[in-house]
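The residues making up each chain are set out below.
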Amino acid sequence: MSDSAQSFTERVERGLLHAYHGDVVDHSARYAVRTGHYPSDLSGRTFTTVFPYQAIHEHHELNVNPHMLTASGRLLTLDLEPHRDGGNVFIRAATRFIENQSWHLRKLAPEAFVRTDFAEFSWFGTSNLTNTSPIPVFPVGAHDGRPGRRLLLSYDAGRPVEVSPKTLEHITPVGRPNDYHTAVGSSFSPMIMTSGHPVYDPDFEPGKPRLLYTNIVPRVADFLHFNKPIRADLYVTTWDGGPSSPTPPMRVTVDGEGVILGHASVHQICLTRNYLVVFNANLVLNTSSLVEPLTPLLWKWLVESRTIEVPRNLRVLYRWLRIRLREATPDHVCPVYFIHKDDIRRALAAGARELPAKRVDLMWELTHALTDYDDDGDVVTIFAQHNVGADPADQMEAGDRLIGGGIVPDSLLGMFSSATDLNQVRRHVVDLRRGTVETRAFPHPDDREHFPHGLNLLPPLQISPYLSEHDTSAAPNLLRICRRHDATYWVAGGWLPQTMSARVFANFRRGRPDGAWPPRRLVPVSEFIERIADPDNTVRFYRLDHEMRLDSCYTFPPGWFMAAPIFVPRPGSQSTRDGYIVALVWGPDHPDMEIWIWDAAHPLDRGPVCTLGPGPHEQGIRPGFPLHSAWVDRDGVDEWERPPYEVPTIEMPTYLKLLELGTIGAGVLRRLWQQTR
């Protein structure tokens, strides 16, 4: 390895470590301006889900197969109004773990829990980790025409949960367990699989906003096939904010037949003026991923506890079996379902239990997407994050050998594994009347100049509107900004030598050979590995215009990382170019998070107009790896009041109450018998 490549690798490892590792105790800190000038019109509060390594690894659970996706829910907030202290301009940043039901149970009985790739199981049922996406929703507590905003946290394997946007305290789950179809039953806490990104529709009906999201049910027979993706039945449910429960799940059908998803994941859904758009994400759930965390327990019980020195051949066989359990890879075609909101309204009015949909298949698997809100003439424009040759549900495991040599550092266990092919942003213009799809992609596999923009693509900047399109208040209206995405913002992770698992590359090589027809890869494996291993392939933060042309790009030095950028509109903004981009940034030389701010009116390659770091005598914040973000205006936070809707977090069934009563009674009778003998 050349000196430049060695230096690059060392800096990347330090930067990854700083971005991934976090504080174990929540705290706040003042972040002071270091360079540039802080924009005077920045306002509101941002919310970002963050995944600290320590929350995944430093615990006393019975067993764990650590993955970032099963981190305990934690939020990072930034209060954007600037303050002055002497000559320093600063804002306040803070973190808080979400103290939901599973958080408390884990503190009380940690050895009752086992964590898998997708979920956390225990004697109390499945944990609702509430860790995926913050969603601003219904107005509450209006004062002088200035309502507060409610805030939901989502999770693919749990019900949406409401938290306070002021204090981040846990308020209530949305709906009771019997309001959903469960994936895994439990007396206390069944697994309920929903959307990682629900959508809030402020204009669902005049004066009647709704939350729209999915409820999926895995196909039980598929659990008998260890190395195949588990499929699922697709349902849609809605909620009006209470006091009523969510509506009963409605089965999605195409041509009268119930939809069966090829992968049991609907991580992302999107909203247009007339359609709910449902994507089958490329997170692969299979029986092996659920069983795998138990194999180390069996290994220790059957072998290590009974043998002083385990024969090398037996260790090799054990490792081989664990690798074979993880062969399932996502399909390279993504089905998308378009459900007209008129059909949802009719179904709700009639109490129907089915929803018709149109299906369109898009080439290459995808994880996240954005849509233009305008869909005139039933033409829907989608901007999709295609993580080709990647399964976000796969992670770096202990003992994983790296493509460039060596073994994954223990400090990076649980992090997403690198993509094994070029990733792309694709714009799909879907004409639902004609049944046609027009696609443009960036970057093209043969475009060597822009090749780094397709390396380990991270979730894009996503905007969560919560005001009606017709709202007349002074608060910036995000829905108007999203009518047509004048620009979209993306982050490419670049070359990450420490997450290029040979195991994952081998899985995809078997599932997607170079010579397959039709093609199952964009770039042949050997060529991809050769082209990615370049010290110039650093993190890119870039903007594409509506026609998928590269507008501008900021290239970070080696070892610098950013993720989960946040769009903050200016007052009266009508465009994704009229506002600021707030980014969470880490460097290789200091562990604390930094905050960088771009003015979206200028090219990104000009660099941030302002950077902030921990103020004098302040302990900086290390929140953990950021995933998704949202923004709420200042009145939306300050005017919030606790809503009247609340349901029990845990509901104990009658038979368990009777069983416990019998246990208590039996104990009393036994003691009475002992004392009267």
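Residues numbered from 1 in each chain as written. Predicted model: local features only at pLDDT ≥ 70, side-chain atom pairs only at ≥ 80, totals over all residues. Heavy atoms only, no water.

K.L.:
Is there a simple way to explain the nonpolar core in this structure?
P.N.:
The nonpolar side chains of a soluble globular protein tend to be buried with one another. Formed by 106 residues in total, the largest nonpolar core has its most connected members in Tyr31, Tyr38, Phe541, Phe556, Ile595, Ile597 and Trp598. Looking at which element gives the most residues to this core, the answer is strand 34 (residues 579-586), with seven residues. Those residues in contact with isoleucine 595 that sit more than four places away from it in its chain are Tyr31, Leu78, Ile91, Val582, Ala583, Cys610, Thr611 and Leu612. (Core = buried A, V, L, I, M, F, W, Y, C linked by side-chain atoms within 4.5 Å. Buried < 20%, exposed > 50% of the residue type's maximum accessible area, 1.4 Å probe, protein only. Helix = DSSP H or I, 4+ residues; strand = E, 2+ residues; numbered from the N terminus. Contact = heavy atoms within 4.5 Å.)

K.L.:
Explain the pairing of strand 22 (residues 333-340) here, please?
P.N.:
Both faces of the sheet carry side chains from a regular strand, because those side chains alternate between them. The element strand 22 is extensively covered by neighbouring structure, given that seven of its eight residues are classed as buried. Note that strand 22 and strand 24 (residues 358-363) share six bridges and pair antiparallel. Bridge pairing in strand 24 places valine 333 opposite methionine 363. (Pairing = 2+ DSSP bridges.)

K.L.:
Even after reading the chapter, I still don't get the pairing of strand 28 (residues 436-442), so can you show me in this structure?
P.N.:
Pairing between strand 27 (residues 424-431) and strand 28: seven bridges, direction antiparallel. Each bridged residue has a counterpart across the sheet, and for valine 430 the counterpart in strand 28 is valine 437.

K.L.:
Is there a simple way to think about the packing of aromatic side chains in this case?
P.N.:
Geometry of an aromatic ring pair is reported as the spacing of the ring centres plus the angle between the planes. Per the counting criterion, the structure on display carries 18 aromatic pairs. Centre to centre, the rings of phenylalanine 556 and tryptophan 598 are 6.4 Å apart; their planes meet at 70°, and the pair counts as edge-to-face. Of this pair, phenylalanine 556 sits in the loop between strand 32 (550-555) and strand 33 (561-569) while tryptophan 598 is found in strand 35 (residues 594-599), placing the two residues 42 residues apart along the sequence. On the basis of relative accessibility, which here comes to 1%, the residue phenylalanine 556 falls in the buried class. Grouping aromatic residues by their ring pairs yields a cluster made of Tyr489, Phe541, Tyr554, Phe556, Trp560, Trp596 and Trp598. When the ring centre of phenylalanine 451 is taken as reference, the NZ or CZ atom of arginine 531 above it lies at 4.2 Å. The aromatic ring of tyrosine 580 is capped on one face by arginine 570, whose charged end is 4.5 Å from the ring centroid. (Phe/Tyr/Trp six-rings, centres within 6.5 Å; stacked < 30°, edge-to-face > 60°. Lys NZ or Arg CZ within 6 Å of the ring centre and 35° of its normal.)

K.L.:
Got a minute to help me understand unusual backbone geometry in this structure?
P.N.:
Trans is the common state for peptide bonds, and a negative phi is the common state for residues other than glycine. Of note, the amide linkage connecting glycine 242 to proline 243 takes the cis form, showing an omega dihedral of 5°. Along the chain, proline 243 turns up in the loop between strand 16 (232-239) and strand 17 (250-254). For the bond running from phenylalanine 442 to proline 443, omega is -10°, close enough to zero to count as cis. Residue position: proline 443 is located in the loop between strand 28 and strand 29 (457-458).

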